[in-house]
Amino acid sequence: MATMIIRDDALWARHIEGDAALAQRIRALPADDAIVLRIEGRPIRFRKMRDGRDGRPTDGVRPDPDFAEFWRALQRRRGTMVTIEPETGAIDPYLLSLMATLTEWNSPEDAAAYDGL
């Protein structure tokens, strides 16, 4: 499992520590392609940012709008380290989209009780 320090509104591949393959996977994504990453154990769908106007490649991803509220909450913890890992296994897109609306289930107690089931 990799870590990163929350530093920006975007998630940058160069900020990921401990998983060079994950950082490279983010860099290799075409613009606007989706990737699901688990941040602090919670799956969040991100989209690759477009390259710069001058053609320089961009190695960042931004959360889909459905996950923006959780990402904004993490921004209040700037400077702290969080865990990050690629999502494994099949993801049901419907259930993934519901996670952003069922926030009452996103407590640390629920994560400890139900994660891994």
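Residues numbered from 1 in each chain as written. Predicted model: local features only at pLDDT ≥ 70, side-chain atom pairs only at ≥ 80, totals over all residues. Heavy atoms only, no water.

**Student:** Let's hear about the overall build of the protein chain: which residues, and what values?
**Tutor:** A tally of helices and strands in the protein chain yields 4 helices and 6 strands. A burial count over the protein chain gives 35% of its 117 residues as buried. A fraction of 55% describes how many contacts in the protein chain between residues 6 or more apart in sequence connect residues 24 or more apart. Element-wise, carbon and sulfur atoms account for 52% of the exposed surface of the protein chain, whose accessible area totals about 7300 Å². (Helix = DSSP H or I, 4+ residues; strand = E, 2+ residues; numbered from the N terminus. Buried < 20%, exposed > 50% of the residue type's maximum accessible area, 1.4 Å probe, protein only. Contact = heavy atoms within 4.5 Å. Areas by Shrake-Rupley, 256 points an atom, 1.4 Å probe, with all protein chains shown as cover.)

**Student:** How would you explain the sheet that holds strand β4 (residues 42-48) if you had to name every residue and give the values?
**Tutor:** Strands sit in the order β1-β6-β3-β4-β5-β2 across an open sheet of 6 strands; the sheet is antiparallel. A strand with exactly one partner marks an edge of an open sheet, and here the two such strands are β1 (2-5) and β2 (11-12). Both strand β3 (residues 34-39) and β4 contribute to a ladder of 6 bridges, which runs antiparallel. Each bridged residue has a counterpart across the sheet, and for R38 the counterpart in β4 is P43. In the packing of helix α2 (residues 68-75) onto the sheet, contacts are made with β1, β2, β3, β4, β5 (60-63) and β6 (81-86), and the angle to β4 comes to roughly 100 degrees. (Pairing = 2+ DSSP bridges. Axes fitted to C-alpha atoms, helices over the stretch in contact; angles between N-to-C directions.)

**Student:** Give me the environment of W12: which residues, what numbers.
**Tutor:** Following the sequence through the fold, W12 ends up in strand β2. Its relative accessible area of 13% is what places W12 among the buried residues. Sequence-wise, W12 and T58 are 46 residues apart; in three dimensions their C-alpha atoms are separated by 8.6 Å.

**Student:** For the pairing of β4, give the residues involved together with the corresponding values.
**Tutor:** Here is the key point about a regular strand: its side chains alternate between the two faces of the sheet. Among the 7 residues in β4, 6 count as buried, and that is most of the element. As paired strands, β4 and β5 are joined by 3 bridges and run antiparallel to one another. Considered in β5, the bridge of K48 is made with V61.

**Student:** So, the packing of aromatic side chains: which residues are in play, and what are the values?
**Tutor:** Per the stated rule, a full pass over the model turns up 1 aromatic pair. The aromatic ring of W12 is capped on one face by R14, whose charged end is 4.6 Å from the ring centroid. A cation over a ring is seen here: R42 above F70, with NZ or CZ 4.3 Å from the ring centre. (Phe/Tyr/Trp six-rings, centres within 6.5 Å; stacked < 30°, edge-to-face > 60°. Lys NZ or Arg CZ within 6 Å of the ring centre and 35° of its normal.)

**Student:** Requested: an account of the environment of R47, with residues and values cited.
**Tutor:** Its place among the elements puts R47 in strand β4. On the accessibility criterion, R47 (31% relative accessible area) is partly exposed. When the C-alpha atoms of R47 and V36 are compared, they prove to be 8.8 Å apart, with 11 residues separating the residues in sequence. Not counting residues up to four positions away in its chain, the partners in contact with R47 are D32, D33, A34, G60, V61, R62 and D64. In terms of polar contacts, R47 uses its side chain to reach the side chain of D64, at 3.1 Å. (Polar contact = N/O pair within 3.5 Å; in protein donor to acceptor, adjacent residues only side chain to side chain.)

**Student:** I'd like a description of the pairing of β5, backed by residues and values.
**Tutor:** Bridge count between β2 and β5: 2 bridges; the pairing is antiparallel. Counterpart to L11 in the pairing with β5 is V61.

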